[in-house]
2 protein chains.
Amino acid sequence: MESHPPPGGHSVRTRSQHQRRKRIVQAAAALASRGGVEAMQMRTVAERAGVALGTLYRYFPSKMDLVVAVVGEEIDLLESSIERRPPGATTPASRAVDVLMRATRGLMREPELADALIRSLILAEVQTPFGDRMTGLLLRVAADGLTLEDAREDQIDLAGSLSSVWVQELLEMLRGRRTYDQIQRRIEAAAARLFADI
Amino acid sequence: MESHPPPGGHSVRTRSQHQRRKRIVQAAAALASRGGVEAMQMRTVAERAGVALGTLYRYFPSKMDLVVAVVGEEIDLLESSIERRPPGATTPASRAVDVLMRATRGLMREPELADALIRSLILAEVQTPFGDRMTGLLLRVAADGLTLEDAREDQIDLAGSLSSVWVQELLEMLRGRRTYDQIQRRIEAAAARLFADI
DNA sequence: TCGCAAACTAGAACAGATTCTAATAGCTGT
DNA sequence: ACAGCTATTAGAATCTGTTCTAGTTTGCGA
């Protein structure tokens, strides 16, 4: 239910705790990229990361928290990729499409992981930074550096909507009900309209 | 994972099997409309429906299948209500908004059940007719009688996108992260753009 | 260095979904 | 009435997420 404050409660996370946390997330990601969430069993993750089950639960109070952490890393990758090579298209809508399709291709590379992560996140009871981060990324890229704080409410609404459309399309694709081209067409259509006057 | 063919495998479902199935679904719905999915425990459902656990699993191979069945009944209600009293607004976009907000209010009445509904929709492996039905309903209502078969692909895309936005907003609401008014604002903004030239 | 609080560990315990088993009940065709 | 089949039942068993326990290790301020 909670996010994941460092174990101690009040103090700063030490280096070794940071390492441990990282090892756990990596082990989890490795397992998930094979058999999906069900292969990512808490006992197995703990074993693989070389920590006790209780320790795993100290770092990640629930499996969902762990999933969220794994997803967080994926988004980090996307963000740094965008930073490294920003979309060069000329309209806000096409820059947004660029980002989303790049993310789509990234996730397609590990379909099991993607499927597991997307599903879990959508079902998550916990507050996940996922939606907000994607929304912020879209705004930044579409409206040239606009941040979530500076954006007008209606701009946030529209970026959020585009993000929703994308997530749903991604899910459909992972279910085998959409091709990459279909997603692209739909995202382009939605972005062109939603971001027309952003 | 599977749909739910009648127990026997090949033969027609008998009356008593039909009754049994119905009792199970009713018991499940009753439990879910209180504590949500977690209150709807398989043992409890079986007990409440007066069948053995094994029998419950013969009818519904997984809890999700049971949820989907419960949800199916709710969707029927929703659709027939909308057909009984069609939205009277003047623009396609506002008729679509009308439908979606009516559905929203309907679902708000049983939040626990709604939560289960939306979640199951999103993660169902099985093809739930819901997405298509909602898309079709939106098209029909917005473009005055247009059916899924007659619609152009781009129209279906846009209606599908609006449906995605709605589902995501609904989920956020059920998580307590959106108010009704926020949803309305977002749906109106999205519909106005997506359905502008439908 | 001492001592304490927090972190860690192995493993048992618990909970709820799902599966399995052995036995019984009910129907169908002969 | 009988044989053979499927449905059903009670209950045990299994699997995995989560919690709990009791004891050990570690970091660190006095």
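Reading guide: rules and limits
Residues numbered from 1 in each chain as written. Chains lettered and ligands numbered in written order. Predicted model: local features only at pLDDT ≥ 70, side-chain atom pairs only at ≥ 80, totals over all residues. Heavy atoms only, no water. Helix = DSSP H or I, 4+ residues; strand = E, 2+ residues; numbered from the N terminus. Buried < 20%, exposed > 50% of the residue type's maximum accessible area, 1.4 Å probe, protein only. Contact = heavy atoms within 4.5 Å. Areas by Shrake-Rupley, 256 points an atom, 1.4 Å probe, with all protein chains shown as cover. Least-squares fit on C-alpha atoms with pLDDT ≥ 70 in both. Buried area = accessible area lost by both parts, 1.4 Å probe. Salt bridge = Lys/Arg side-chain N within 4 Å of Asp/Glu carboxyl O. Polar contact = N/O pair within 3.5 Å; in protein donor to acceptor, adjacent residues only side chain to side chain. Axes fitted to C-alpha atoms, helices over the stretch in contact; angles between N-to-C directions. Parallel < 35°, antiparallel > 145°, perpendicular 65-115°, else oblique. Nonpolar A, V, L, I, M, F, W, Y, C, P; charged D, E, K, R; others polar. Expected span 1.5 Å × (residues − 1). Core = buried A, V, L, I, M, F, W, Y, C linked by side-chain atoms within 4.5 Å. Domains from an automatic or database assignment.

### Some remarks on the overall build of chain A
Logical step 1: Counting its regular elements, chain A contains nine helices and zero strands.
Logical step 2: Going from the N terminus to the C terminus, chain A shows its helices and strands as α-α-α-α-α-α-α-α-α.
Logical step 3: When each of the 198 residues of chain A is scored for burial, the buried share is 49%.
Logical step 4: Within chain A, counting contacts between residues at least 6 apart in sequence, those at least 24 apart form 67% of the total.
Logical step 5: Surface summary for chain A: the accessible area is close to 9600 Å², and the carbon and sulfur share equals 50%.

### Observations regarding the relation of the copies chain B and chain A
Put simply, the second copy of the chain is the first one after a rotation about an axis and a shift along it.
Logical step 1: Taken as rigid bodies, chain B and chain A are interconverted by a rotation of 179 degrees and an axial shift of 0.1 Å, the fit giving an RMSD of 1.1 Å. Both copies of the chain, as the preceding transformation shows, are related through a two-fold rotation axis.
Logical step 2: Looking at chain B, 100% of its interface residues are interface residues in chain A too, so the copies touch through the same face.

### As for the interface of chain B and chain A
Logical step 1: Counting from both sides, the interface comprises 28 residues of chain B and, opposite them, 29 residues of chain A.
Logical step 2: At the boundary of chain B with chain A, total buried surface from both sides reaches about 2600 Å², with 44% on carbon and sulfur atoms.
Logical step 3: A per-residue breakdown of the area chain B buries against chain A is headed by Asp 157, Arg 186 and Arg 193 of chain B, which together make up 22% of the total.
Logical step 4: Arg 185 of chain A serves as the salt-bridge partner of Asp 157 of chain B, at 2.9 Å between the closest nitrogen and oxygen.
Logical step 5: Across the contact surface, chain B and chain A share four residue pairs in polar contact (both at pLDDT 80 or more).
Logical step 6: Among the elements that take part in the side of chain B that touches chain A, helix H8 (residues 153-174) of chain B stands out by supplying 11 residues, more than any other.

### With respect to the packing of helix H8 (residues 153-174) of chain A against helix H9 (residues 180-194) of chain A
All names here are of chain A.
Logical step 1: It is the contact of H8 with H9, at a shortest axis distance of 10 Å, that shows an interaxial angle of 170 degrees. Taken together, the axes of H8 and H9 lie roughly antiparallel to each other. Two secondary-structure elements touch here, H8 through Leu 158, Ser 161, Leu 162, Val 165, Trp 166, Glu 169, Leu 170 and Met 173 and H9 through Ile 183, Arg 186, Ile 187, Ala 190, Ala 191 and Leu 194.
Logical step 2: Here the contact of H8 with H9 is built from residues that sort into 11 nonpolar, one polar and two charged.

### So, helix H9 (residues 180-194) of chain B
Logical step 1: Compared with the 21 Å implied by 1.5 Å per residue over 15 residues, the 21 Å span of H9 of chain B between its first and last C-alpha is a close match.
Logical step 2: Residues Ile 183, Arg 186, Ile 187, Ala 189, Ala 190, Ala 191 and Leu 194 of chain B constitute the buried set of H9 of chain B.
Logical step 3: Along its buried surface, H9 of chain B packs onto H8 and H9 of chain A together with helix H5 (92-108) and H8 of chain B.

### Considering the pattern of salt bridges
Logical step 1: Under the definition given, this model contains 24 salt bridges over all chains.
Logical step 2: As a salt-bridge pair, Asp 157 of chain A and Arg 186 of chain B come within 3.0 Å of each other at their nearest N and O atoms. In this pair, Asp 157 of chain A is assigned in helix H8 and Arg 186 of chain B in helix H9, connecting two distinct chains. This pair shows no difference in class: Asp 157 of chain A is buried, exactly as Arg 186 of chain B is.
Logical step 3: Where salt bridges share partners, they join Glu 153 and Asp 157 of chain A together with Glu 169, Glu 172, Arg 177, Arg 178, Arg 185 and Arg 186 of chain B into one cluster.

### Details of the side chain of Thr 104 of chain A
Residues and elements named next belong to chain A.
Logical step 1: As for its position among the elements, Thr 104 is in helix H5 (residues 92-108).
Logical step 2: By relative accessible area, which is 0% here, Thr 104 ends up buried.
Logical step 3: Polar side-chain contacts of Thr 104 include one of 2.7 Å to the backbone oxygen of Leu 100.
Logical step 4: Residues contacting Thr 104, with those up to four places away along its chain left out, are Trp 166, Leu 170, Met 173 and Tyr 180.

### Side note on the environment of Met 101 of chain B
Residues and elements named next belong to chain B.
Logical step 1: Residue placement: Met 101 occurs in helix H5.
Logical step 2: For the pair Met 101 and Ile 187, spaced 86 residues apart in sequence, the C-alpha separation works out to 8.4 Å.
Logical step 3: Those residues in contact with Met 101 that sit more than four places away from it in its chain are Tyr 180, Ile 183, Gln 184 and Ile 187.

### So, the nonpolar core
Logical step 1: If you look at the biggest cluster of nonpolar residues, it comprises 128 residues, and the most contacted ones within it are Trp 166 and Phe 195 of chain A together with Trp 166 and Phe 195 of chain B.
Logical step 2: Looking at this core, you find at least three residues from each of domain 1 (15-64) and domain 2 (68-194) of chain B.
Logical step 3: Beyond its immediate sequence surroundings of up to four residues, Phe 195 of chain A is in contact with Pro 92, Ala 93, Ala 96, Leu 138, Ala 142, Leu 158, Ala 159, Leu 162 and Ala 190 of chain A.

Geometric values such as these leave the question of function open.
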